[in-house]
Amino acid sequence: MNGISRRNFMAGSASAAGMASLAATRTQAQVATEFPESLFPGRNVNRGDTGALPPFAVRVLNKAAFGPARGDVEAFDNLPGGSDFGRLQNWVEQQLNPTAADPEVDARVAQAGSEYATIFASDVVLWTQFVRSDEGSVRSRPFSELDRITYLRGAYSQWQFREVISDFWNNHFHVYSRSDNETRGFMPSYQRALRGDAAGSRLFGNFFELLFNSTRNAAMLYFLDNYRNSWPNPNENYAREVLELHTLGALENYYGAVDPSTVPDNAFGERSGYTEIDVFQFARALTGWGVADGDDGAPDTGAFLFRPNRHYDEHGEEPIQVLDVTINTDQGENDVIQILQYLAEHFGTARFIAGKLCRRLVSDNPPESLVQSTAMEFYNRRGDPDQLREVYRHILLSPEFQNTWAEKSFRPLESMLRTWRAAAIEFIPTVNRPGTTNRNNIASGINDRLEDAGQRPWNIEFPTGYPDFKAFWRATGTLVSSWRLVTYLLSRRDDNSGNMADGFALNLAQQTNDLLPDPNDRTPVQIGNTLALTALGFTPDAGTMVIIIQFIAEQAGVFINQPLDNGAGIDTSNLGNSNYQRIIRAAMALIILLPVGQRR
């Protein structure tokens, strides 16, 4: 067989999801007879057939990063520490203390010239030149560039945990970027409100700072309808979301439409939850909390603006009462700040956020003991400037994080970034591509496919952000769309003719030849093992490797130990859009889409 058809390519990619079950039909004796251990020179542990875990480094990098890039597993294993836990401690220490410098990302941003100009533009420039533009494409440019910098950081950043946790908070304090012209054009400002400085220090600081800065940003105020909240007709929408989604949560700390005096205290002497009356009371406090948008004689800059003439002014007759906070006198915008500080330091908030963090990093159903200990860490450090850093450390160094595997899977965005890193895909800026001038098309193929799969950043209408439960993303349509996204990425090419698709360059045939320079080594066995080791950081169980190797052999028309050049008509020196290139692409897709390749 000299070529591989599109049908076979797609069939090979789609079959990855069922590969584990196919492999299970072979007995250990059959596998050992047909494919002896000597055929798998890179295997260093027994996996899959016996239920054993992937290497420790792979588990860490799949759960606290967007999967291992080339060399990451070896780099982790070479860290000092003398044991898996010791190496983990060193890795965590590095990742929890990122610097502003991020060489791979910085180089690509610098190379792109003005392609990321709005990411670094001031709030005033974003508002006056983009939000207020009459051109829809101009208003959308900040949103589009934020997509691209998100992909760039996720794929190339050396501070992988920072990007993982940034995605977590993006969803926790979610803003739908297309809800208004104001959100669409102001999204880079909102991302800065969450990340802070170039190092992303706010992500590792105190939770109150995250909450406070999200509350005052125009993108959030427009999205949740608080930019013109006025007394005597307050809008409850934002007050409700701060309580339900950003702090106390909508389940265990919500008591419904009852008298607040009937709500019991928790073990820390705090009122244990909120009621419908608390939502209304908080909405009163939020009146006047808005944006300088040119209204009422204010400047039109997009900055936070408190309007006293729209604020509740009857504190003496009817004080504002939100849980344990009583405000008897009008303190202007400080009414809200008092309530936010209280909510940020409430044990119910600690418990709610601890559960979400443990769900993100450990399991859809994290052990109660870990959630409780994380909540206590969050609560006990509520006044610390590095509160969040220590909470992350607590989870990452826990036995539950170290020993839990495959209870999460990559969502579409994560799967895309995991593929990008595993295959060493190169991103080429628009400005360096001859004949291309529309900067908004540079990642349009990815954006379209992420939308099909349901997880383009900042693109869900609900303020909950994207779900973080494995079952939600296991629907057939979502899985197929995710597989198509992976195969789309792997078909991007630089075939030595300068024909680069959508700004991405990938020559998997060249990569394979670099790893197997002797053409006599380019056999299905060697290629299968090499691709698995580079894409996954390890080789899967023997039964799975049987299927991968057989797939390569069948597509090339050779025996499993026969070089592809030998009698098959496959020219492995042809690095263009050749049969060899297509076979390697299909095999790589098959490997990346293995269940073990999509687990966390």
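Our subject is the structure listed above.
Note that the coordinates shown come from a computational prediction; the quantities given were computed from them, not determined experimentally. (Residues numbered from 1 in each chain as written. Predicted model: local features only at pLDDT ≥ 70, side-chain atom pairs only at ≥ 80, totals over all residues. Heavy atoms only, no water.)

Within this structure, the stated rule accounts for 23 aromatic pairs. Arranged with centres 3.9 Å apart and planes meeting at 10°, the rings of Tyr-222 and Tyr-227 form a pair that is stacked. We classify Tyr-222 as buried; its relative accessible area is 5%. Among the aromatic side chains, those forming a connected cluster through ring pairs are Phe-168, Trp-169, Phe-173, Phe-207 and Phe-378. Above the ring of Tyr-379, the side-chain terminus of Arg-382 is found at 4.0 Å from the ring centroid. Here the guanidinium or amino end of Arg-449 rests over the ring plane of Tyr-488, the centre of that ring lying 3.8 Å away. (Phe/Tyr/Trp six-rings, centres within 6.5 Å; stacked < 30°, edge-to-face > 60°. Buried < 20%, exposed > 50% of the residue type's maximum accessible area, 1.4 Å probe, protein only. Lys NZ or Arg CZ within 6 Å of the ring centre and 35° of its normal.)

With 156 residues, the main nonpolar core has Trp-169, Tyr-190, Phe-282, Met-416 and Trp-420 as its most contacted residues. The biggest single contributor to this core is helix H27 (residues 579-592), with ten residues. Not counting residues within four places of it along the chain, the set of residues in contact with Trp-169 comprises Leu-194, Leu-203, Phe-207, Leu-210, Ile-353, Leu-388 and Tyr-392. (Core = buried A, V, L, I, M, F, W, Y, C linked by side-chain atoms within 4.5 Å. Helix = DSSP H or I, 4+ residues; strand = E, 2+ residues; numbered from the N terminus. Contact = heavy atoms within 4.5 Å.)

Residue pairs three or four apart in sequence face the same way in an α-helix, which turns once every 3.6 residues. Buried residues dominate helix H21 (residues 412-422), accounting for eleven of its eleven residues. Those residues of H21 lying buried are Pro-412, Leu-413, Glu-414, Ser-415, Met-416, Leu-417, Arg-418, Thr-419, Trp-420, Arg-421 and Ala-422. Just beyond H21, the residue with positive phi is Ala-424, at close to 55°.

The next point concerns the layout of surface pockets. Estimated volume of the largest pocket: approximately 640 Å³. In this structure, the largest pocket is lined by 26 residues; those nearest its centre are Phe-352, Lys-356, Arg-359, Thr-464 and Phe-469. The residue makeup of the lining of the largest pocket, split by class, is ten nonpolar, seven polar and nine charged. (1 Å grid on protein atoms, 1.4 Å probe; cavity = no way out; pocket = protein on both sides within 12 Å on 5 of 7 lines; lining within 4 Å. Points joined across faces, edges and corners; volume = space filled by probe spheres on them. Nonpolar A, V, L, I, M, F, W, Y, C, P; charged D, E, K, R; others polar.)

Moving on: empty space enclosed by the protein. One pass over the full model with this rule turns up two cavities of 30 Å³ or more. The volume enclosed by the largest cavity comes to roughly 200 Å³. Forming the walls of the largest cavity are 19 residues, and the residues nearest its centre are Thr-150, Asp-167, Asn-170, Leu-413 and Pro-457. For the lining of the largest cavity, the secondary structure elements donating two or more residues are helix H9 (136-156), helix H10 (160-172), helix H11 (181-195) and H21. Per-element tally for the lining of the largest cavity: the top contributor is H10, with five residues. Split into classes, the residues belonging to the lining of the largest cavity amount to six nonpolar, eight polar and five charged. Its boundaries defined by the atoms lining it, the second largest cavity holds a volume of some 50 Å³. Taken together, Asp-364, Lys-408, Ser-409, Phe-410, Arg-411, Asp-468, Phe-469, Lys-470, Trp-473 and Arg-600 make up the full set of residues lining the second largest cavity.

Take the environment of Ser-373 next. Tracing the chain through its elements places Ser-373 in helix H18 (residues 368-380). Overall, the relative accessible area of 29% leaves Ser-373 in the partly exposed class. In the structure, Ser-373 is positioned 22 residues away from Ile-395 in sequence and 9.1 Å away in space, judged by C-alpha atoms. Side chain to side chain, Ser-373 and His-394 meet in a polar contact 2.8 Å long. (Polar contact = N/O pair within 3.5 Å; in protein donor to acceptor, adjacent residues only side chain to side chain.)

A few words on the pairing of strand E1 (residues 289-293). E1 sits mainly inside the fold: five of its five residues count as buried. Sheet topology note: the E1/strand E2 (residues 300-306) ladder contains four bridges and is antiparallel. Residue pairing across strands places Val-291 opposite Phe-304, the latter belonging to E2. (Pairing = 2+ DSSP bridges.)

Where H18 contacts helix H19 (residues 387-396), the two axes come as close as 9 Å, and the packing angle between them is 160°. Considering their axes alone, H18 and H19 lie roughly antiparallel with respect to each other. Seen along the crossing, H18 lies across H19 with a hand that is right-handed. For the pair H18 and H19, contact is made by Leu-370, Ser-373, Thr-374, Glu-377 and Phe-378 and by Gln-387, Leu-388, Glu-390, Val-391, His-394 and Ile-395, respectively. Its residues assigned to classes, the contact of H18 with H19 shows five nonpolar, four polar and two charged. (Axes fitted to C-alpha atoms, helices over the stretch in contact; angles between N-to-C directions. Parallel < 35°, antiparallel > 145°, perpendicular 65-115°, else oblique. Left-handed = near helix turned anticlockwise from the far one by under 90°.)

Here H11 contains 15 residues, and its C-alpha end-to-end distance of 22 Å stays within 8% of the 21 Å for a straight helix at 1.5 Å per residue. Approximately 65° is the largest bend angle found in H11, and it occurs at Met-187, with the proline Pro-188 only one to four residues beyond. With respect to burial, H11 is a largely interior element, twelve of its 15 residues being buried. For H11, every residue scored as buried is listed here: Glu-182, Thr-183, Gly-185, Phe-186, Met-187, Pro-188, Ser-189, Tyr-190, Gln-191, Ala-193, Leu-194 and Arg-195. Among the structural elements, helix H8 (123-131), H9, H10, helix H12 (207-215), helix H13 (218-223) and E2 are those in contact with the buried residues of H11. Downstream of H11 by a residue or two, Gly-196 has a phi angle that is positive, lying close to 80°. (Expected span 1.5 Å × (residues − 1). Bend = angle between axes of the 7 residues up to and from the residue.)

Geometric values such as these leave the question of function open.
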